[in-house]
Amino acid sequence: MKKEQLIQETAVFVREHFEQEGSGHDWWHIYRVWQMARQIGTTEQVDPFRIEMAALLHDLDDWKLSQSRESQAQEWLSSIEVANVDLQAILQIIDEVSFKGAGVETTPTSLEGMVVQDADRLDAIGAIGIARTFAYGGNKNRLIYDPEVAPEQHDSFKAYQQSTAPTINHFYEKLLLLKDRMNTETGKKLAEERHQFMEAFLEQFFREWQMEERLIT
């Protein structure tokens, strides 16, 4: 089977799996990451097949969404008979894509991994990132904000996974850190504006929270 056909079959499979996901990790998140990875990939010397397949499958085994001990991504790749050398490379990209805490090093070991990680992280910041963050918080029954709960800089993946902090804390524990953790020049450039938008949002959020808005007279 040609690689382009494998990509399209995988897109159909992933869309069916995530279409009703309500945590901000739905099909359209994956679609955006897929398309962004393709865009960034055109500026780098990378394997486009591995990038596209990893971008499409990157949330299938995400700890936030799946409790399965078996890798669904590996099962799918095997079922469509992806060559083992590509299969292993794709699984490694997926394994390295996630943020695991402010104090945890997560730089991918391949350029393909860097591209997919940048694409995924770009979708976590900016206007869409803000929307997704509150969707996830609501999905997990988290408070929007609690001034008595301070943000933490988690020094282990386990500590990060166990956090149940209010949604606003997530900006300080992850989202505002991503700009400086982009790998590619394209990712770094695109992250700038999205980062600034989040800063402006937080400034307005706290102005309203503290009732510091100027009344129009």
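Thresholds applied
Residues numbered from 1 in each chain as written. Predicted model: local features only at pLDDT ≥ 70, side-chain atom pairs only at ≥ 80, totals over all residues. Heavy atoms only, no water. Helix = DSSP H or I, 4+ residues; strand = E, 2+ residues; numbered from the N terminus. Rg over C-alpha atoms; globule rule 2.2 N^0.38 Å. Buried < 20%, exposed > 50% of the residue type's maximum accessible area, 1.4 Å probe, protein only. Contact = heavy atoms within 4.5 Å. Areas by Shrake-Rupley, 256 points an atom, 1.4 Å probe, with all protein chains shown as cover. Lys, Arg positive; Asp, Glu negative; His and termini not counted. Charge placed at Lys NZ, Arg CZ, Asp CG, Glu CD. Expected span 1.5 Å × (residues − 1). UniProt positions renumbered as here; feature names shortened; annotations may be inferred. Phe/Tyr/Trp six-rings, centres within 6.5 Å; stacked < 30°, edge-to-face > 60°. Salt bridge = Lys/Arg side-chain N within 4 Å of Asp/Glu carboxyl O.

If you look the chain up in an unreviewed UniProt entry, it shows as HD/PDEase domain-containing protein from Sunxiuqinia elliptica.

A. Molecular detail of the overall build of the chain. Looking only at helices and strands, the chain has 10 helices and zero strands in total. Ordered by position from N to C terminus, the α and β elements of the chain give α-α-α-α-α-α-α-α-α-α. Relative to the 2.2 N^0.38 estimate, which gives 17 Å for 217 residues, the radius of gyration of the chain is 18 Å and therefore close to what a compact globule would have. With the C-alpha coordinates of the chain rotated into their principal frame, the extents come out at 70 × 35 × 35 Å. Residues classed as buried in the chain amount to 47% of the 217 residues present. Sequence separation of 24 or more characterises 66% of the internal contacts of the chain that already satisfy a separation of 6 or more. For the chain, the exposed area adds up to about 11900 Å²; of that, 49% sits on carbon and sulfur atoms. On the chain, the mean spot of the 22 positive side-chain charges and the mean spot of the 37 negative ones are 1 Å from each other.

B. Structural view of helix α6 (residues 111–122). For α6, built from 12 residues, the straight-helix expectation of 16 Å at 1.5 Å per residue is met to within 8% by its first-to-last C-alpha distance of 17 Å. Within α6, burial applies to E112, G113, V115, V116, Q117, D118, A119, D120, R121 and L122. Those residues of α6 that are buried lie in contact with α2 (27–41), α3 (48–57), α5 (84–96) and α10 (185–209).

C. Representation of the side chain of E52 in the model. Here E52 shows up in helix α3. You can call E52 buried: its relative accessible area is 9%. Sequence-distant contacts of E52, defined by excluding residues within four places in its chain, comprise I7, W34 and R38.

D. Fine view of unusual backbone geometry. You will see that E81, though not glycine, has its phi angle at about 60°, which is positive. For E81, the position within the fold is in the loop between α4 (72–79) and α5. Phi angles above zero are rare outside glycine, and M211 is one such case at about 55°. Mapped onto the fold, M211 is located in the segment after α10.

E. Focus on the UniProt feature "domain: HD/PDEase" (unreviewed entry) in the chain. The sites that UniProt annotates as "domain: HD/PDEase" (unreviewed entry) are residues 22–134. Along residues 22–134, the helical share is 59% and the strand share 0%, with 11 Å between the first and last C-alpha atoms.

F. Region of interest: the packing of aromatic side chains. By the definition in use, this model includes 18 aromatic pairs. Measuring from centroid to centroid gives 5.9 Å for Y145 and F205, while their planes differ by 85°, and the two rings are edge-to-face. With Y145 in the loop between α7 (126–139) and α8 (157–162) and F205 in helix α10, this residue pair connects regions lying 60 residues apart in the sequence. Accessibility expressed as a relative area gives 19% for Y145, which makes it buried. With a relative accessible area of 15%, F205 lands in the buried category.

G. The arrangement of the pattern of salt bridges in detail. Going through the model one piece at a time under the given rule, you end up with 11 salt bridges. We note a salt bridge from D123 to R32, for which the minimum N-O separation is 2.7 Å. On the criterion of sequence distance, the pair formed by D123 in the loop between α6 and α7 and R32 in helix α2 is long-range, its members being 91 residues apart. Judged by its relative accessible area of 4%, D123 is buried. We classify R32 as partly exposed; its relative accessible area is 27%.

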